[in-house]
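Chain residues, written in single-letter form:
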Amino acid sequence: MALAMKKLVIITLLGVAGATAAENDYYKLISVPFPKDLKLEISGMATLPEDRMALAIRKGEIWIAKGLSGGKPVYTKFASGLHEPLGLAYHKGNLYTVQRTELTRLRDTDNDGRADEYLTQAKGWGVTGNYHEYAYGPAIDHAGNMWVALNCSIGKGSNPNNQWRGWSLRVKPDGSWTPMSGGFRSPSGIGTNLAGDVFATDQQGNWFPTSPLIHLKRGAFHGHADSLPFTQLPGATFKVDGDLPRNLTVTQAAKRIGAYQLPAVWFPYRKMGMSTTDILADSTQGKFGPFAGQIFCGEFTMSFVSRVFLEKVEGEYQGVCFRFRDGLDCAALRLQWGVDGSMYIGQSNRGWNSLGTKSYGLQRLQWAGKVPFEIKTMSAHPNGFVLTFTRPVNPKTATNPKSYVLSSYTYPYHSKYGGEETDVKALTVKSATLDAGKKLVHLKIDGLRTGYVHELHADGIRDLKGQPLLHKAAYYLSLIHISEPTRPRLISYAVF
């Protein structure tokens, strides 16, 4: 293990030990047993009828686990011979997975528990054999289309056989597909919110200063330059004229590069992880606690699950991320709901280091029935933010501006690997107003900035019993100019 990783492990474990103990009071983490001879490097998950779950693993197999909620599942092999499936979906009675070269539909026509048909649903994107050419998905949108996200290739020089690397593709039910957006580096998570809109995560690296959560839509450029040669191909949905400008922040780049769009959320490096992975919207209708409709994301290197609240402002998604549950056995690569509303976390740290004591496996995260004291939502306002809490707050702490510490910053936009927070500015909370229900606080703040992360620490907040927040930090990316009090109210809430 590299020295930098050892330091990260020591620092992180010191800070996480207390957090995981408190988190365990509200969300129990249970390791799910599996056969010792099954190398359960989970790369895809799909919930099936009758308390079953399909599990794709990196070496090219799909297994069915039956009886997960009972704690003693039985595993049977459903499919094999696949080329590194990195996603799984159950749709209209069939399983779908994305291999490196195709989107595949798997069928068990004789009902013997094994797939006997491997049908090509879509194919035709470029594959050269480059190790980095992963393919993820599918995610199924509100219209029943399937979305695939492709890694860019790693290495210098162009290759005529790697077309559409770094792009998202939308596949219609008939198998025809269209490139939709470009500029990915390594979009290892792809999923939808409850409205059926499609999102993807990406990884900190070249052109990505830290990991983002991106709303996928036609004609968007996500930032990575390796996808730009394919804008010259028939079917490309955007163009970028000339060379990418240099010495810009991501905020400036969004103004200078017509197709470039900031993500809905930035996950600040190390504060909110190092390699964000899967996306799972809370469709449990309260079985998993007070965050119904919000999005949970996996974290690879630091082995935890984060939480995201999104809203729509002037038609664009923006939002805030929070830490949620630390202390996993290893990298959280895939997330899925069980029939009882538990979250199952498929894990594998193959290829990269991660915190934890294991290299792969399956864990179950179950709500204990108690509501944690958390910032439930953080919404943009023309002159500040509105916070809602999961429990009533102590009025004295909630209305004291000193209970809150805020700053804002952006990131560099460049081809170097990663990027530090830049143009950091401390913000002043002018007032904090509590509503009659004692769960909503309106913060009036000077100096809000468009396109910047607004980092909030609410260490001074207490509930009615004097308890502090379980997680005190929030990171909101504002994509609109919310600091002009003379403008009409711009918030159009769309909470999913």
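Residues numbered from 1 in each chain as written. Predicted model: local features only at pLDDT ≥ 70, side-chain atom pairs only at ≥ 80, totals over all residues. Heavy atoms only, no water.

Before going further, it helps to spend a moment on the sheet that holds strand β1 (residues 27-31). Two pairing modes exist for strands in a sheet, parallel and antiparallel, and in both the strands are linked by backbone hydrogen bonds. Spatial ordering of the open sheet is given by β1-β25-β24-β23, a layout of 4 strands whose pairing is antiparallel. Among the strands making up the open sheet, the edge pair consists of β1 and β23 (332-337). Between one strand axis and the next, the sheet turns through 25 degrees on average, direction left out of account. (Pairing = 2+ DSSP bridges. Helix = DSSP H or I, 4+ residues; strand = E, 2+ residues; numbered from the N terminus. Axes fitted to C-alpha atoms, helices over the stretch in contact; angles between N-to-C directions.)

It is worth spelling out the pattern of salt bridges at this point. Taken as a whole, this structure holds 17 salt bridges when the rule is applied. The salt bridge partner of Glu61 is Lys77, with a shortest N-O separation of 3.4 Å. Of this pair, Glu61 sits in strand β4 (residues 61-66) while Lys77 sits in strand β5 (residues 74-79), placing them 16 residues apart in sequence. Since its relative accessible area comes to 11%, Glu61 is described here as buried. Under the relative-accessibility criterion, Lys77 is labelled partly exposed at 27%. Across the pair Asp446 and Lys430 runs a salt bridge, and its minimum N-O distance is 3.9 Å. Residue Asp446 is found in strand β31 (residues 440-446), and its partner Lys430 is found in strand β30 (residues 422-434); the two are separated by 16 residues along the sequence. (Salt bridge = Lys/Arg side-chain N within 4 Å of Asp/Glu carboxyl O. Buried < 20%, exposed > 50% of the residue type's maximum accessible area, 1.4 Å probe, protein only.)

So, about unusual backbone geometry. Generally, phi is negative for residues other than glycine and the peptide bonds are trans, each holding for most cases. For the bond running from Gly137 to Pro138, omega is 10 degrees, close enough to zero to count as cis. With respect to the secondary-structure elements, Pro138 resides in strand β10 (residues 135-140). Despite not being glycine, Trp164 shows a phi value in the positive range, around 70 degrees. Position of Trp164 relative to the elements: it lies in the loop between β11 (146-150) and β12 (167-171). Residue Trp164 is classed as buried on the basis of its relative accessible area, which comes to 5%. A positive phi angle, near 55 degrees, is found at Ser303, a position not held by glycine. When you line up the elements, Ser303 lands in the loop between β20 (295-299) and β21 (304-313).

What follows is about the pairing of strand β26 (residues 375-381). For β26, a buried count of 6 out of 7 residues is recorded, marking the element as mostly surrounded by other parts of the structure. Pairing of β26 with strand β27 (residues 384-389), which is carried by 6 bridges, proceeds in the antiparallel orientation. Each bridged residue has a counterpart across the sheet, and for His381 the counterpart in β27 is Gly384. Once β26 ends, the chain turns through 2 residues before running back antiparallel as β27.

Another aspect to go through is the confidence of the model for the protein chain. Confidence in the prediction for the protein chain averages 92 pLDDT; 92% of positions are at 70 or higher. Residue range residues 1-15 is modelled with pLDDT below 50. Its contacts to residues more than four positions away, or to other chains, number 13 contacts. Taken together, the stretch residues 483-496 has pLDDT below 50 and engages in 36 contacts with residues farther than four places along the chain or on a different chain. (pLDDT = per-residue confidence, 0-100. Contact = heavy atoms within 4.5 Å.)

With that settled, consider the side chain of Gln204. Tracing the sequence through the fold places Gln204 in the loop between β15 (198-201) and β16 (211-215). For Gln204, a relative accessible area of 10% puts it in the buried group. One polar contact links the side chain of Gln204 to the main-chain carbonyl oxygen of Pro209, over a distance of 3.4 Å. Once residues lying within four places of it in the same chain are set aside, the contact partners of Gln204 are Arg185, Pro209, Thr210, Ser211, Tyr269, Met274, Tyr417, Gly418 and Gly419. (Polar contact = N/O pair within 3.5 Å; in protein donor to acceptor, adjacent residues only side chain to side chain.)

Moving on to the packing of aromatic side chains. Going through the model one piece at a time under the given rule, you end up with 24 aromatic pairs. Their ring planes at 45 degrees and their centres at 6.2 Å tell us that Phe34 and Tyr360 sit as a pair that is tilted. With Phe34 in the loop between β1 and β2 (42-48) and Tyr360 in strand β25 (residues 360-367), this pair connects stretches of sequence that are 326 residues apart. The exposure class assigned to Phe34 is partly exposed, which follows from its relative accessible area of 26%. One aromatic cluster in this structure is built from Trp164, Trp167, Trp207, Phe221, Phe230, Phe238, Tyr260 and Tyr413. Over the ring of Phe322 we find Arg307, and its NZ or CZ is 4.2 Å from the ring centre. Cation over ring: Arg323 sits above Phe304, and NZ or CZ is 3.9 Å from the ring centre. (Phe/Tyr/Trp six-rings, centres within 6.5 Å; stacked < 30°, edge-to-face > 60°. Lys NZ or Arg CZ within 6 Å of the ring centre and 35° of its normal.)

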